[in-house]
Amino acid sequence: MKTDSHIYSIDSLRFVAVFGVICLHFHPFETISYPISVLIEQLMYFAIPFFFITSGYLFRKKIVDEGKISGRYSKFIKRLAIVFFAWSFIYLFVPETPLILTQAKSQGLIGGLHMVFDINLDKIAAEPLYLFMAGTSAHLWYLFALAMTISLLFLFIKLGIEDMFLFIAIPMYIFRVLVGPYSVTPLGIQIDFVYYLGPFLAAVFVGIGALIAKKDFKPSRQTAVMVILFGLGFQIAEWYLLHRIYGWDQHRHAGFSLGTVVYGTGIFLLALSMPAMGKSTGFFRLGQFALGIYLIHMIFVPVAHKFYGDVPKPLGELGPFAILAASLLLTVFLMQLPYLRKIVI
């Protein structure tokens, strides 16, 4: 009898993680309770690390299973490139803020799209490197970072020095932390191009995923939970001290910290320790929509923010769920169109 080796928990947690990303971009409860808002975001900071670790893990697993590293790499990068450039074009016509949305609305559909297009072109002209490394919408940095990091991992594997990858990735991440949340401390580094440092953030997580795959590590659920609790506690302690002593505002800047590495790794270990999570209920099937939801959700975030103030406070905090539902529906719709299916799944 054939053994079912599929890890359903990874698919299940992909869907949870993409909801976490939406929460990080929407900031629920921010106007009601800053501590509650921060706590929610702290809990959701596993999302991007989980995506990177999963990519590193699955990429390394495919290499082992298929033994066709160059072909696998080429296929992976080609797909990422298509998705990146397709959505960069689409987001040329999407307003980035509620203010731009309001201004565009007053000019009608065609006039509004033209205005948004001009604004985004001006941004690209001012920072052409931003287009190459982060696309036309802030969240597309993930695709470039993943492509560059997988390319670096591929190079290390081809050269036979894969074991050295984390020795490069860890200093890269420390530098990213020093220009991020730790930039407000005496040890921090002040720069204006943090968005260009996506690979510095991604490398350590992709490396961890690849290492787990190479070692075929099978953690216990107890071990995973302990890693999660330690990492989350460390991450929250970092935020508290940075905010209390140095005035760090998590809502204004991405707060990936040292504890995030442990926390994100713990969540992935939990997935490995519970491979059947979501299988019996069919919840794992939602994981196939995670990429599409991630790519699409920033279309709806400015709209949700625009109407946030007009909705009674308790209902307004449901914004992330509304964004998730709208993004899911649009993803499912685009999947039915042969030429667009490839850019959402």
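Residues numbered from 1 in each chain as written. Predicted model: local features only at pLDDT ≥ 70, side-chain atom pairs only at ≥ 80, totals over all residues. Heavy atoms only, no water.

A. Local environment of the environment of Ala-271. Residue placement: Ala-271 occurs in helix H12 (residues 258–273). Sequence separation of Ala-271 and Tyr-8 is 263 residues, and the distance between their C-alpha atoms is 8.3 Å. (Helix = DSSP H or I, 4+ residues; strand = E, 2+ residues; numbered from the N terminus.)

B. View of the side chain of Ser-327. Among the structural elements, Ser-327 can be located in helix H15 (residues 319–335). The exposure class assigned to Ser-327 is buried, which follows from its relative accessible area of 0%. Contacts of Ser-327, omitting those with residues within four sequence positions, involve Ile-293, Ile-296, His-297 and Phe-300. (Buried < 20%, exposed > 50% of the residue type's maximum accessible area, 1.4 Å probe, protein only. Contact = heavy atoms within 4.5 Å.)

C. Region of the structure containing helix H8 (residues 141–158). Along its 18 residues, H8 runs 26 Å from first to last C-alpha, staying within 8% of the 26 Å computed at 1.5 Å per residue. The element H8 is largely enclosed, with a buried count of 14 among its 18 residues. Immediately downstream of H8, the backbone of Gly-160 shows phi near 75 degrees, a positive value. (Expected span 1.5 Å × (residues − 1).)

D. Spotlight on the pattern of salt bridges. On inspection of all chains with the given rule, the structure shows five salt bridges. With a closest N to O distance of 3.1 Å, Arg-14 and Asp-11 form a salt bridge. Placement of both Arg-14 and Asp-11 in helix H1 (residues 8–26) is noted, with a separation of three residues, approximately one turn of the helix. Taking the relative accessible area as the measure of exposure, Arg-14 reaches 24% and is therefore partly exposed. Judged by relative accessible area, Asp-11 falls into the buried class, the value being 11%. Of the charged contacts in the structure, one is a salt bridge between Asp-163 and Lys-214, with a shortest N-O distance of 2.5 Å. Of the two residues, Asp-163 is situated in the loop between H8 and helix H9 (165–179) and Lys-214 in helix H10 (residues 198–215); the sequence distance between them amounts to 51 residues. Note on Asp-163: relative accessible area 54%, which makes it exposed. Through salt bridges with shared partners, one network takes in Lys-61, Asp-216 and Lys-218. (Salt bridge = Lys/Arg side-chain N within 4 Å of Asp/Glu carboxyl O.)

E. A nonpolar patch on the surface, seen in detail. Side chains of Leu-155, Leu-159, Ile-161, Met-164 and Phe-167 sit close together on the surface and give an oily, nonpolar patch of about 510 Å² of accessible area. Along the chain, the position of Phe-167 falls in helix H9. (Patch = residues over 30% accessible without salt bridge, like charges linked within 9 Å, V, L, I, M, F, W, Y side chains within 5 Å. Areas by Shrake-Rupley, 256 points an atom, 1.4 Å probe, with all protein chains shown as cover.)

F. Inspection of the side chain of Arg-60 at higher detail. With respect to the helices and strands, Arg-60 occurs in helix H3 (residues 47–66). If sequence neighbours within four positions are ignored, Arg-60 has contacts with Ile-157, Glu-162, Ala-210, Ala-213 and Lys-214.

G. Structural view of the nonpolar core. Ile-48, Phe-50, Phe-52, Trp-87, Trp-141 and Tyr-142 are the most contacted members of the largest nonpolar core, which totals 99 residues. Counting residues per element, this core draws most heavily on H8, at twelve residues. Excluding its chain neighbours within four sequence positions, the residues that come into contact with Phe-52 are Trp-141, Tyr-142, Ala-145, Leu-146, Ala-202, Phe-205 and Val-206. (Core = buried A, V, L, I, M, F, W, Y, C linked by side-chain atoms within 4.5 Å.)

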